[in-house]
Amino acid sequence: RPHTMALAAEAKRIAADFEISDADLNKINLEFVQQMKEGLAKNATNMSQIPTFVTAVPNGTEKGLYLAVDLGGTNFRVCSINLHGDTTFDIVQTKVAIPKELMVAKTAKELFSFLAKQIELFLREHHEDHFNAHIRRRQTISTPEGYRDEHIFRLGFTFSFPVHQIGINRGTLMRWTKGFDIADAVGQDVCKLLQDEIDILKLPVRVAALVNDTVGTLMARSYTSPGKTSTLLGAIFGTGTNGAYVERLDKITKPMDGDFDNSTGDMVVNTEWGSFDNSMKVLPSTIYDQILDQDSVNPGIQMFEKRVSGMFLGEILRIVLVQTLKNPAISLFSGFEIASTAPLHAQWGVDSSILSEAEADSSADLSKLREYIKTSLGVSAATVEDALAVKDIAHAIAIRAARLSGIAIGAIILETGRLNPGASAVPAPKSTASIVEDVKSLNLAEAASATVSKLANTAGLAVNEDEIVDVGVDGSLVEFYPKFEEHMREALRNLDGIGAAGERRIRIGIAKDGSGVGAALIALVAAKME
Ligand code: ADP
């Protein structure tokens, strides 16, 4: 069956297009550090490096009941968080899908009144006592603002789009990403947009802090992380991708509007790394990436994100498959008519979870994946060969995303110099091949010591707590794609200046409910400053 071989070979050829060599990995990493520095010095065209007015990360002793809402991409979450002050917390939350038509509504009001309504529903369901107490007060006091301060919930508003922040609860929207497009919201203060709609509903809620989800992830991880190590970086690999990290204030040399407490000498910076290398100096680019970009609502923007995050990986796969179907010599999904209404033929029709499904199915007949191809691509009766081709290509797309993610984490660690100079002086462990060479050349002492350090590495010998660089991550991709972290770590090991010795000192932990708890923690900090 020659077409089968042609298909397998074509899948391998396409997969190879998505590979990043170790040399390119380092080239991209150097440019990432460079663009971080540019963003700290001026209003740059690539990474925005936005100061967040958050000057410290928590240590786990913070206490109180706070509200948090999260406009992330796919869903709107409303939650209340009770911080116990001992690194633990309770959280109650609801989640609703954002109606597609509101993502591209004519006016910001349509979206924000929907959000305020969800807050009201949440309060009525989960904090009825508090809510009723407030209503009763309002009936006895004549002015709407005449209720007692302690009855007002402080709310942290996690808003995961680029904003120009001018205070801890003020910030104007720079541009939409992730498929949102409401022109009249751009340039407006998103906290005021939300507060106005909350006030129309007369809810006992004050928007106390504007929070980017990555900053929330950083704060939440720092509150809950084990040991005394404070967290350096919070990173998201979900619908979009972004990172926020603790930077030295004196390295932020561009002008900053707004007041803040500068006693710590630090400030959390929201990198907006989704825009890394929009100028396309070093990012890998296949014909499929180019098609995706041209057909997107924001061509030339969020170029890193378009290669890394959940919103785009399924679409890249879809585009590859559609292009491959056009080639008569290959006969992908041979002999079966695919309905024009199938998800395979709909832009954004294919969810990235198919990449995880493809990776997870290692059975001989790929029966689960073939079933998934039926439900998620609308292609019935895919052969084993078809499924294998999908699996190879999906793997290549996901591994490229994980390696690029590793570059981002590595760049933050290198730029901040968190691995002290001594660490990079530790030689990287020798490869097994070079140990064999040492034995052959009777360089036994060298071979023995290299073997010991290799064994120590494999055994993952304990690293001192004070040598750990802590990173919090969140998002479906890192959570559900099999071994995503391992592929990131592999990239980290291959970066000059990190190596295997540095990589072992990096602790990566999932920051669950990051945006909720993190937003609560920032609302707490902000309320103290009122
Ligand atoms: P958000 O970033 O919107 O807050 P998530 O972290 O859940 O929410 O990310 C949702 C994104 O992750 C979607 O783009 C979806 O396609 C993708 N996704 C969901 N499940 C998986 C999975 N199992 N494997 C890979 N990607 C997934």
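See the structure shown above.
In this report, the structure presented in the accompanying data block is examined. Note that the coordinates shown come from a computational prediction; the quantities given were computed from them, not determined experimentally. Each chain carries its own residue numbering, running from 1 in the written order of its sequence. Owing to the predicted nature of the model, reporting of local features is limited to residues with pLDDT of at least 70; listing and counting of side-chain atom pairs is limited to 80 or more, with chain, interface and lining totals taken over all residues. Hydrogens are left out, water is left out, and the side-chain values use all remaining heavy atoms of the structure.

Observations concerning the site of the ligand
Here is the rule we go by: For each residue, the test is whether any non-hydrogen atom lies within 4 Å of the molecule or strand; if one does, the residue is near. Polar contacts, as used here, are pairs of N or O atoms within 3.5 Å; protein pairs need one atom able to donate a hydrogen and one able to accept it. Residues neighboring in sequence count only if both atoms are side-chain atoms. Each accessible area is a Shrake-Rupley estimate made with a 1.4 Å probe; only the visible protein chains count as cover when residues are assessed. Only DSSP runs of H or I reaching four residues or more are called helices, and only runs of E reaching two or more are called strands; each is numbered from the N terminus. Residues are grouped as follows: Ala, Val, Leu, Ile, Met, Phe, Trp, Tyr, Cys and Pro are nonpolar; Asp, Glu, Lys and Arg are charged; every other residue, Gly included, is polar.
The environment of the ligand is formed by 14 residues, the closest being Thr239, Gly310, Asp351, Ser356 and Ser476. In this structure, Thr74 approaches the ligand through a side-chain N or O atom, which is 3.4 Å from an oxygen atom. One nitrogen or oxygen atom from the main chain of Met311 is found 3.3 Å from an oxygen atom belonging to the ligand. A total of 570 Å² of accessible area belongs to the ligand in isolation, and the protein chains cover 80% of it. For the shell around the ligand, the element with the most residues is helix H17 (residues 476–480), which contributes three residues. For the shell around the ligand, a count of residues per class yields three nonpolar, nine polar and two charged.

Considering the packing of helix H11 (residues 353–360) against helix H12 (residues 367–377)
We count it as follows: In this analysis an axis means a line fitted to C-alpha atoms, helices contributing only their contacting stretch, and an angle means the value between N-to-C directions, from 0 to 180 degrees. Put simply, angles under 35 degrees are roughly parallel, angles over 145 are roughly antiparallel, angles from 65 to 115 are roughly perpendicular, and the rest are oblique. The sense of a crossing depends on the near helix, which, turned anticlockwise from the far helix by less than a right angle, makes the crossing left-handed and, turned clockwise, makes it right-handed. Here a residue-residue contact requires only that any non-hydrogen atoms of the pair lie within 4.5 Å.
One way to put it is that H11 packs onto H12 with a least axis distance of 9 Å and a crossing angle of 165 degrees. What the angle tells us is that H11 and H12 run roughly antiparallel. Crossing angle aside, the handedness with which H11 passes H12 is left-handed. Across from Ser353, Ile354, Glu357 and Ala358 in H11, the residues of H12 making contact are Leu369, Tyr372, Ser376 and Leu377. By residue class, the composition of the contact of H11 with H12 is five nonpolar, two polar and one charged.

Digging into the packing of helix H2 (residues 22–41) against helix H13 (residues 384–416)
One can describe the packing of H2 onto H13 by two numbers: an axis separation of 9 Å at closest approach and a directional angle of 50 degrees. With respect to H13, the axis of H2 lies oblique. The chirality of how H2 crosses H13 is right-handed. Of the residues in H13, those touching H2 at Asp22, Leu25, Ile28, Asn29, Phe32, Val33, Met36, Lys37 and Leu40 are Arg403, Leu404, Ile407, Ala408, Gly410, Ala411, Ile412, Leu414 and Glu415. Residues that form the contact of H2 with H13 fall into these classes: twelve nonpolar, two polar and four charged.

Points about empty space enclosed by the protein
Under the convention used in this document: The distinction between a cavity and a pocket rests on a 1 Å grid over the protein atoms alone: a 1.4 Å probe fits inside a cavity but cannot get out, while a pocket stays open yet meets protein on both sides within 12 Å along at least five of seven lines, and a residue with an atom within 4 Å of a point counts as lining. Grid points are joined across faces, edges and corners, and a volume is the space filled by probe spheres set on the points.
With the rule as written, the count across this model stands at two cavities of 30 Å³ or more. Approximately 90 Å³ is the volume attributed to the largest cavity. For the largest cavity, the lining is made up of 13 residues, of which Thr52, Gln165, Val211, Asn212 and Val215 are closest to its centre. Those elements that place two or more of their residues in the lining of the largest cavity are strand S6 (163–167) and strand S8 (205–211). The residue inventory of the lining of the largest cavity, partitioned by class, reads nine nonpolar, four polar and no charged.

Brief notes about the packing of aromatic side chains
The condition is simple: The aromatic pairing rule takes the rings of Phe, Tyr and Trp, using the six-membered ring of Trp, and pairs them if the centres are within 6.5 Å, calling planes under 30 degrees apart stacked, those over 60 edge-to-face and the rest tilted. The cut-offs for exposure are 20% and 50% of the maximum accessible area for each residue type, with area from a 1.4 Å probe on protein chains only; residues under the lower value are buried, those over the upper are exposed, and the others partly exposed. Only Lys NZ and Arg CZ are tested; either one counts as a charge over a ring when it is within 6 Å of the ring centre and within 35 degrees of the ring normal.
In this structure the tally under the stated criterion is 16 aromatic pairs. Between Phe112 and Phe157, the ring centres sit 6.5 Å apart and the planes meet at 90 degrees, which makes this aromatic pair edge-to-face. Of the two residues, Phe112 is situated in helix H4 (residues 108–126) and Phe157 in strand S5 (residues 153–159); the sequence distance between them amounts to 45 residues. The pair Phe112 / Phe157 is uniform in exposure class, with both members buried. Ring centres 5.1 Å apart and planes at 55 degrees place the aromatic pair Phe159 and Phe161 in the tilted group. Of the two residues, Phe159 and Phe161, neither departs from the other in class, the shared state being buried. Three or more aromatic residues joined by ring pairs make a cluster, and in this case those are Phe32, Phe237, Trp273, Phe276, Phe304, Tyr481 and Phe484. Its end group placed over the ring of Phe161, Lys178 keeps NZ or CZ at 4.9 Å from the ring centre.

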